[in-house]
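Observations on the model geometry
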Amino acid sequence: MKKYSLVTIFILIFAFYTPKAFAENQTSDIRGHWAEAEMQLLISKGILVGDGNNQYFPNRSITRAEFTKMIVGSLGLTLVSEGATYQDVPPNSWYYPYIMTATANGLVEGVGNGTFNPEGNITRQEMAKIIANIPAVKELPGNQAPLSFADNERIDEWAYSSVQLLASTNLIKGRTNNNGNLVFAPHAYLPRAEACVVIARLIGILNPNEQPAETVITTTDYSSDFSSVVDKQAKVSPKVDGAGKFLATADLVAYYVNPNNFPNTSPEFYQFLKLSYTPGLNAAEINKNLLPVDEGNPLKGTAEYFIMAGEMYNINPIYLIVHALHETGKGTSPLSKGILVSSVDGNPVEPKVTYNMFGIRALDADPNKYGSEYAYKEKWFTPKDAILGGAKYIENGYINNGQDTLYKMRWNPGNPATHQYASHVQWATAQAKRLYETYQKLPSASKYFDVPRYVNQPASSPLPPGEKQYAVLPGPANGTKGITVGSVNLRTYPNTATSANIITSLADGTSMDIIGQNGGWYYVTANGQTGWISGAYVKLIDELKVQAMSGSLYVPSNPVNDSNLSSLENNQLFTEELGETGSLDTENGWYNTGNNEQ
């Protein structure tokens, strides 16, 4: 029997763990597709082949020959050139060795009358039959429990047990039809994207220990010039701090906008992790290493539900888990443990226990009340209901609108300075560190990153020092001077978390020129040195000039008192104390002034 050698690299991939990066051209027709991650995985393994121009036709129905080739490739079978004889499979056709190999291994058979129908589209139940014929799949611990699809009766008898096996082993999940019902659609043709998803699951299930965790990195080019992006972002009030008090400089914005500042070895690189669905996750590993394991915890053993939610709503299940762990206090909150609800919006209802795993609609006024009543409206009566329903709620807004990484949610490279999730410049990198820590507990989990690239994007640069991070905004209206109230430190930047930024200490009553302000602090010059002082230690004054018609200007103790304390000459400067709003302190047209300590 003559044999063809299959790509040796594919075999080695399964024998040794070697992380790899795969860069897909931005013009590919799978970019942004719901099955992009699975298709990229198979492309990187040589299982999925395009037309040579980065086109993979994810929505086109796959033929029987194409699917057979992918199955043979995913199993690493040695190709043969002899075997069954099909009238419509000539020896010189590209698919001949794959169909011969699959037939010899008992995976496929003809459609009758000595034909295989290689160019015909394969149906979903035919796909199930072929996969169920794989010896290793037959040995999986499945069961013959009744199927829960709404269209079970449409599955042909010859395929029913195969569909049962694949459903019980999570190789197939079904579809949601227009009525919201879960169906299998046995006679529908199988799109290439769905074929890739099933085969990606097959690889993960058959090779749980040998399957390497994929690290797939793509780069997306954007038409915006980097300098223009920074300019736009700097004009929409970016903040230095999470509390949102201090406005950031353009230099600090430029640092966090520039993807080159975050190498793929850093935790911050996880801001580019795709938050859309990631295949190949190991539920047992997630249950053991990530979710709570104590008895009675509502999140114990729920990995399967998070994975299912991720598939249904195109959200990375790990992102959902991190979200749920945060919102529920790792499964300890009343909303996650279940709350008995007997009234909704003040109206009595049939008492039922509800669950809310993501704190959805849990308003601050009474989070348990509002969160549980919303769960009742949504029929979240089990932890599974809450996970699946909550994921559907989360999908809207950003992830499934193209902003499917933390970076895209924060900076929106497709349309900078619009529809952005946060104002804190560090929001994406801070969240990325949590994702990084989570993935360290899941060594078998694959990771898919999408890194943006702008026109004229600079190389990496260091983080600006503290004094270059805080913007200097215009000072208070009318206010150009001030005096200290008590002893206070003059600092290089407005932050008291460190003593390293202290320039000097200013005594009570020290005069200063106010240059600018930010977040309740003033940027000043005092005693010949320039820095920041907390506004709590500054009394604002203004400096005015006397413009008398002639002679001197007398200064009485009050507007109705004729006794003069002093006098001011023409063009002489004097100080005016400002009110709490930064306006001049006046009374019936008179100014309250301080001159020669009077």
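Right, let's walk through the structure included here. All values reported here derive from a predicted model rather than from experimental measurement.

About the cut-offs
Residues numbered from 1 in each chain as written. Predicted model: local features only at pLDDT ≥ 70, side-chain atom pairs only at ≥ 80, totals over all residues. Heavy atoms only, no water. 1 Å grid on protein atoms, 1.4 Å probe; cavity = no way out; pocket = protein on both sides within 12 Å on 5 of 7 lines; lining within 4 Å. Points joined across faces, edges and corners; volume = space filled by probe spheres on them. Helix = DSSP H or I, 4+ residues; strand = E, 2+ residues; numbered from the N terminus. Axes fitted to C-alpha atoms, helices over the stretch in contact; angles between N-to-C directions. Parallel < 35°, antiparallel > 145°, perpendicular 65-115°, else oblique. Contact = heavy atoms within 4.5 Å. Nonpolar A, V, L, I, M, F, W, Y, C, P; charged D, E, K, R; others polar. Polar contact = N/O pair within 3.5 Å; in protein donor to acceptor, adjacent residues only side chain to side chain. Salt bridge = Lys/Arg side-chain N within 4 Å of Asp/Glu carboxyl O. Buried < 20%, exposed > 50% of the residue type's maximum accessible area, 1.4 Å probe, protein only.

Description of the layout of surface pockets
Of the volumes computed, that of the largest pocket is approximately 1,500 Å³. In this structure, the largest pocket is lined by 46 residues; those nearest its centre are Lys173, Thr176, Leu182, Met308 and Met312. Sorting the residues of the lining of the largest pocket by element identifies α5 (124-132), α7 (157-168), β3 (175-176), α8 (192-206), α12 (303-313), α15 (367-378) and α16 (383-395) as the ones contributing at least two each. When residues of the lining of the largest pocket are assigned to their parent elements, the largest contribution, seven residues, is made by α12.

A closer look at the packing of helix α13 (residues 317-328) against helix α18 (residues 427-439)
Remark: α13 packs on α18, axes separated minimally by 11 Å, with the N-to-C direction vectors making an angle of 105 degrees. Relative to α18, the element α13 is oriented roughly perpendicular. Residues Ile318, Tyr319, Val322 and His326 of α13 pack against Arg434, Leu435, Thr438 and Tyr439 of α18. Per-class residue counts for the contact of α13 with α18 are five nonpolar, two polar and one charged.

Structural notes on the side chain of aspartate 450
For aspartate 450, the location among the structural elements is in strand β8 (residues 447-455). At a separation of 2.7 Å, a polar atom in the side chain of aspartate 450 contacts the side chain of threonine 220. Engagement of the side chain of aspartate 450 in a polar contact is seen with the side chain of lysine 408, the distance being 2.7 Å. When neighbours within four sequence positions are excluded, aspartate 450 is seen to be in contact with Arg31, Thr218, Thr219, Thr220, Phe272, Lys274, Thr405 and Lys408.

Some details on the pattern of salt bridges
In total, this model carries 18 salt bridges according to the counting rule given. For glutamate 66, the salt bridge goes to arginine 192, with nearest N and O atoms at 3.6 Å. With glutamate 66 in helix α3 (residues 64-75) and arginine 192 in helix α8, this pair connects stretches of sequence that are 126 residues apart. Arginine 192 shares its class with glutamate 66; the two are buried. For lysine 433, the salt bridge goes to glutamate 268, with nearest N and O atoms at 3.7 Å. Taken as a pair, lysine 433 in helix α18 and glutamate 268 in the loop between α10 (250-257) and α11 (283-289) lie far apart in primary sequence, 165 residues in all.

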